[in-house]
Amino acid sequence: VHPWTEPTIFGMIILQTVLLAVDCYRPVDYDDINDLRFGKYWIDYCLLILFCFYTVEMVIKIIVSGLLLNPQEYSTINRKMGWRKAIREKTNDLMGTPHTRGRRHLEDQTNSGPQQPSLIRAITFQGDLLPTDARHQQRQRLAHRAFLRHSFNRLDFIAVISFWIVLFMQIFDKGNGRQLFVFRMLSCLRILRLLYLTSGTTVILRSLKKAAPLLFNIAFLIGFFWLLFAIVGLQSFKSSFRRHCVWHDPDNATNTWENSDSFCGGYVNATNGAIEPWVTKSGMKGTTSPKGFICPKYSVCQETENPYNGTVSFDNIFQSAELVFVIMSSNTFSDLMYNITFADYLAGSLFFAVALVVLFFWLANLLIAVITSSFQVIREETAASAFTGEDTESIAPKEAEEADVRQTKTSTAKLYFEKTRWVWIVVVLEGLLVQGLRSATMNKAMSQFIDANETVVTLILLVEIIIRLSLYRRSFFHSKSNNLDLITAVATAIIQLPPIHNSGMAYKKKVKRN
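The rules behind the values
- Residues numbered from 1 in each chain as written.
- Predicted model: local features only at pLDDT ≥ 70, side-chain atom pairs only at ≥ 80, totals over all residues.
- Heavy atoms only, no water.
- Phe/Tyr/Trp six-rings, centres within 6.5 Å; stacked < 30°, edge-to-face > 60°.
- Lys NZ or Arg CZ within 6 Å of the ring centre and 35° of its normal.
- Axes fitted to C-alpha atoms, helices over the stretch in contact; angles between N-to-C directions.
- Helix = DSSP H or I, 4+ residues; strand = E, 2+ residues; numbered from the N terminus.
- Parallel < 35°, antiparallel > 145°, perpendicular 65-115°, else oblique.
- Left-handed = near helix turned anticlockwise from the far one by under 90°.
- Contact = heavy atoms within 4.5 Å.
- Nonpolar A, V, L, I, M, F, W, Y, C, P; charged D, E, K, R; others polar.
- Salt bridge = Lys/Arg side-chain N within 4 Å of Asp/Glu carboxyl O.
- Buried < 20%, exposed > 50% of the residue type's maximum accessible area, 1.4 Å probe, protein only.

1. Quick word on the packing of aromatic side chains
And then number 1: In the structure shown here, the tally under the stated rule is 19 aromatic pairs.
And then number 2: Between F360 and F361, the aromatic rings sit 5.0 Å apart at their centres with planes inclined by 75°, giving edge-to-face as the arrangement.
And then number 3: Among the aromatic side chains, those forming a connected cluster through ring pairs are F229, F237, F241, F263, F314, F351 and F352.
And then number 4: It is R190 that lies over the ring of Y54; its NZ or CZ is 4.3 Å from the centre.

2. Re the packing of helix α1 (residues 5–23) against helix α2 (residues 42–65)
A packed helix pair is summarised by two numbers, namely the angle formed by the two axes and the spacing between the axes.
And then number 1: At a minimum axis separation of 11 Å, α1 and α2 run at an interaxial angle of 155°. Viewed along their axes, α1 and α2 adopt a mutual orientation that is roughly antiparallel. Judged by the twist between their axes, the crossing of α1 over α2 is left-handed. Counted together, I9, M12, I13, L15, Q16, L19, L20, V22 and D23 of α1 and W42, I43, C46, L47, L50, F51, F53, Y54 and E57 of α2 form the full contact between these two elements.
And then number 2: For the contact of α1 with α2, the residue count by class is 15 nonpolar, 1 polar and 2 charged.

3. Comments concerning the pattern of salt bridges
And then number 1: Evaluation of the coordinates by the stated rule reveals 13 salt bridges.
And then number 2: Note that D344 and R243 form a salt bridge whose closest N and O atoms lie 3.5 Å from each other. Separated by 101 residues along the polypeptide, D344 in the loop between α12 (333–343) and α13 (349–380) and R243 in strand β1 (residues 243–249) bring together distant segments of the chain.
And then number 3: Where E276 meets K285, a salt bridge forms, and the shortest distance between an N and an O atom there is 3.2 Å.
And then number 4: With relative accessibility at 14%, the residue E276 sits in the buried group.
And then number 5: When its relative accessible area of 55% is taken as the criterion, K285 is described as exposed.

In structure tokens, the structure reads:
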């Protein structure tokens, strides 16, 4: 690898960035095909020359180091153990936690030497790179790695291919302007290599890469709670945003006006002054008693359509997940909370409070904390991995507990029960997915199927918790997860009792009026 190869390529990328910045001055007309032809502007020829160099560089790298598979002496996996086992071990090293990664992976990270230096450091410290230097050896390994096995090489590949697609479309008048600019956008991805221009951005990229396994686990945890709160919102608030106060002219019954910003759960009967519950589209009472905001006299709380052309609602799992994301971002969620308290009960605000604490204050900040801590660890890193700075012989309390359990004599019943662990997980996932099928517009058959499935899942999990309690009766209550599962199983079983399940009210707050 010639020491001036990378600085030369970086100089070309900087020139490309300047040319694209200059090219931004002219307006874009997607519908004028003549404006999109190649050669109308001098910048087109400059970009063509640059991408010719990029293409030659890419072809040389592919010829030298291969396209997809690394040479055996530079392979990152042990091919002697077989492809299937090697890929499984590599996946565990990349996506596992520091405690689940193999010792070989930790030794490889310890002896791997420094990572790719920044461009400025590569230019100013070339004289210090001896053949036995660790940084030089690291660059040699990167040079012999297969082309598509490096992240930035994959971006370069997409950028170069996209440019030649754009050139083909411009010369032969294929496609329209918007399709053309999609590929032109992709051809600019090579500019991302400028992130290696300084050591600061290099540290940031290395930190994100090191933190990827933990970030993946946290993202999975966030996604789980996201889906959970979306299902809870769907179960509790479907059709709530459809109820609005509709004013009826007492002198002309056909003259009405809907207040789309007023959400309600009941209205004052203009004839006898009684407080009535909201009215469905068919003219029937929506429930047995009013709730939430009460529309004034000559106005009826009537079910119409969801606000903002039906885009804001908890009526299906997708729109419910969208509103939960608004809560997760802690941005303008208060309007949704107040509207729910007007349409339902004041207790509905507890959903927003709990979701905000769990999703924003806890999980979202946990995601940021992992990235921030990785920055500090990377800077202090010498021969250790970013997330294995502590002693590798230390294990988590949970793993230590599991190790002690394996050393004890296990009864046959417990052994068979442990083998059914995934069965109960599949049951929980099936019940979770079926609950997500509930919507405000579902038919009666779908509603009956969801209710029946919920009853079956509840009974199965109740049987599971009874079996677990009988097998681990001495140590059952020592585990927080067992206590939580027991409370959940009992609570869901009580909800399935016909007097409670058929009432149709998840919560209700009675208010005495003077």
